[in-house]
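# Summary of structural features
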Amino acid sequence: MARRAALALSTVLLLATSTLTACSTEAPDSEKTGGGNSDGKITLGFAQVGAESGWRTANTKSIQESAKKAGITLKFSDAQQKQENQIKAIRGFIQQKVDVIAFSPVVESGWDTVLKEAKDAGIPVILTDRAVDSKDTSLYKTFLGSDFVKEGRSAGEWLTKEYADDKGPVNVVELQGTTGSAPANDRKAGFAEVVGKDDKFKVVASQTGDFTRAKGKEVMQAFLKSHKDIDVLYAHNDDMALGAIQAIEEAGKKPGKDIKIISIDGIKDAFVAMTEGKINVVVECNPLLGDQLMDLAKKVVDGEEVPPRVETEEGVFTQDQAEEALPNRQY
Amino acid sequence: MTNPPDRSARTGRPGAPTGAVPGAVLKRLAGHRLLWPSLVLLALLLGNLAFTHDFFDIRVQDGHLYGSLIDILQFGAPLILVALGMTMVIATRGIDLSVGSTVAIAGALACEHIAGSADPGSAGTVLGAVAVALGVAVVLGLCNGLLVARLGVQPIVATLILMVAGRGVAQLITDGQIITVRSEGYHLIGGGYWLTFPFAVLLAGAVVALTAFVTRRSALGLLIESVGGNPAAGRLAGIRAAGLLTLVYVFCALCAAVAGLMISSNVQSADGNNAGLWIELDAILAVVIGGTALTGGRFSLGGTVLGALIIQTLSTTVYTLGVPPQTTLVFKAFVVVVVCLVQSPVFRAKMSRRRGRPHTRSTGTADAVGRQQEVRA
């Protein structure tokens, strides 16, 4: 009996997983109304990467809300981090004759065929958040997203300003993102470009923290033991910074004072830490690109010229702005 | 931990006589299975000392112990637990790939429970969260165990199901978000201190000691080994393999769940995507470094603990030496290959033959023969 019950339970568990994920992909589809150009409304087909992080969830929500606000019919599909799902979704959009297709490519390569199909069908394509490495730039109209190098530069600029009157040396430790990922490479490069101009800044240690809190804490603990005079921590995302803060506190130091902390992304928890004085500055990486996307979609459908690269609106937040900004943070 | 004299006496290994002559003691030590993992761990620690001169320093900071060695123990504690469960599964010639997902699910459930309660700091809430996580872990372990023991599914396939689906379940629980909890009581499990000692280390130590006691002081360890060593002979001897198999998978899931609580408690948040990612591979590696063969039939708890500590020390070494992240994996792979080679009796025998030392060669081969006999036994 017991064995049957457990078996049934495991089956139910597995079934529940598959149906629930299926629901989440299909639910937005049921909202579709009319489709095509029949009612004069623009129809946008959006193929999302998945729901792998809070950042991505905020990104999806922003697109859905902005579409509603702008009166654009949204056909939404969730690729669950798989390229083949995304290609299937885009082909589906082409068959349904949507007016414009937008998507965040899961990976950089392998898009030429499906993008050409869209082009042949006369449907313009907008890339959001992530780029493709296709040589033929006529395959898509524009790219809307963050400039990771610029984020790194903004972080570096805050640091040079903060230590403008300091003779130095200023010892910096860096927590990198996942090795080889575009945000990790670019944020490191942008920061090094600005900070490298002044000899007083020394990046004494730089290791990957895999964008996670647990790794951020573990690596920071090791940094604190092997380097006695750390002045600044530069973390490629907020989660690593939040992990590192715990390590710094356990070492008996004050995060934000004994060790200044620069972080990127702007998640809600980071703003809470900023109001507590534990993070000094957060460079925003904005997932709320819905409004900008709807703007671009309208322009592209109307045949207006759009720039080949549009950057999302992003700010740099310091401690004195944190209190005010916190209630408005959506992710 | 295991009791070496007791163990070698029980297995009656050649080349390990219990003489009182100093030479014989040395010889026995050289033939001991835990010698090589211990030496590797020592070498790694000394290597760190050369770079960071106060690497071995331990001081009291804000009422708790503070130092690199404490870090290694504290971050190693979850891996020790996961590897401990894995050791028992591997001893039955099985493998459990789902431990990483179980880690994520346990952390997610506990944090979800605490975040949803009115009083996150109270002992009742924390104990409730722990109970929920462990309860679900038992169910997950039962799923694995029943698939393997009753339906005869190969362990690697049976546990792969939960490995893939489990991470999805963890994400469903957390809704794809990272759940942050602020609860002092919960923080104690993985990041807190008790009598100046990291609580996680004490907890892991207690579980290891209890497991060693139960498996080595009763027939349980022998029965588990018999399931992996020779199932047919075990069945003829009247050993109920199905029950034992289910038991080890449940134990493995429970260990993983406690590790999951430690990991999420240490950073006071649950991350369904990343918590315990690839920890199953680290755990299998720890088991293998510790001298437990993947072919099953015998296990070494002390070896597993050493293996887990070697892996954690290796990570710390990478951070301390400043190995560039791009080459970290190559560096780790290199050390692991060296560890595996020095542990291989065949390799050691070859090396010593080349150096022309007949004495060492003879013990080396005897050791190899002894191992084969042991596996067959």
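Residues numbered from 1 in each chain as written. Chains lettered and ligands numbered in written order. Predicted model: local features only at pLDDT ≥ 70, side-chain atom pairs only at ≥ 80, totals over all residues. Heavy atoms only, no water.

Our next topic: the pairing of strand S8 (residues 232–235) of chain A. All names here are of chain A. Because side chains alternate across S8, one face comprises the buried residues Val232 and Tyr234, and the other comprises Leu233 and Ala235, equally buried. Across three bridges, the pairing between S8 and strand S9 (residues 260–265) is parallel. Opposite Leu233, over in S9, you have Ile261 as the bridge partner. (Buried < 20%, exposed > 50% of the residue type's maximum accessible area, 1.4 Å probe, protein only. Helix = DSSP H or I, 4+ residues; strand = E, 2+ residues; numbered from the N terminus. Pairing = 2+ DSSP bridges.)

This part is about the confidence of the model for chain A. Segments scoring low in pLDDT should not have their predicted coordinates read at a detailed level. Residue and element names in this part refer to chain A. Of the residues in chain A, 88% have a pLDDT of 70 or more, and the chain-wide mean is 86. Between the elements of chain A, mean pLDDT differs from a low of 47, seen in helix H1 (residues 2–26), to a high of 97, seen in S8. Note on residues 15–38: pLDDT under 50 across the span, and 22 contacts to partners over four residues away in sequence or across chains. (pLDDT = per-residue confidence, 0-100. Contact = heavy atoms within 4.5 Å.)

We now examine the side chain of Gln176(A). With respect to the secondary-structure elements, Gln176(A) resides in strand S6 (residues 170–176). Note on Gln176(A): relative accessible area 5%, which makes it buried. Within polar-contact distance, the side chain of Gln176(A) engages the side chain of Ser206(A) at 2.6 Å. In this structure Gln176(A) touches Lys188(A), Ser206(A), Gln207(A), Thr208(A), Gly209(A), Asp210(A), Phe211(A), His236(A), Met240(A) and Pro325(B), once residues within four positions along its chain are discounted. (Polar contact = N/O pair within 3.5 Å; in protein donor to acceptor, adjacent residues only side chain to side chain.)

Residue placement: Leu289(A) occurs in the loop between strand S10 (281–284) and helix H10 (290–301). Each C-alpha atom, one on Leu289(A) and one on Gln80(A), is 20 Å from the other, the two residues being 209 residues apart in sequence.

Residues and elements named next belong to chain A. If you trace the six strands from one edge of the open sheet to the other, you get S7-S6-S8-S9-S10-S12, paired in mixed fashion. Of all strands in the sheet, those bounded by a partner on one side alone are strand S7 (201–208) and strand S12 (316–318). Strand-to-strand, the axes of this sheet are offset by a mean angle of 20 degrees, without reference to chain direction. Of the strand pairs in this sheet, S6 and S7 are connected by seven bridges, and their pairing is parallel. Across the sheet, the residue bridging to Val172 is Val203, located in S7. In the packing of helix H5 (residues 148–162) onto the sheet, contacts are made with S6, S7, S8, S9, S10 and S12, and the angle to S9 comes to roughly 160 degrees. Strand contacts of helix H9 (residues 268–275): S10 and S12, with the helix running at about 155 degrees to S10, the strand carrying the most contacts. (Axes fitted to C-alpha atoms, helices over the stretch in contact; angles between N-to-C directions.)

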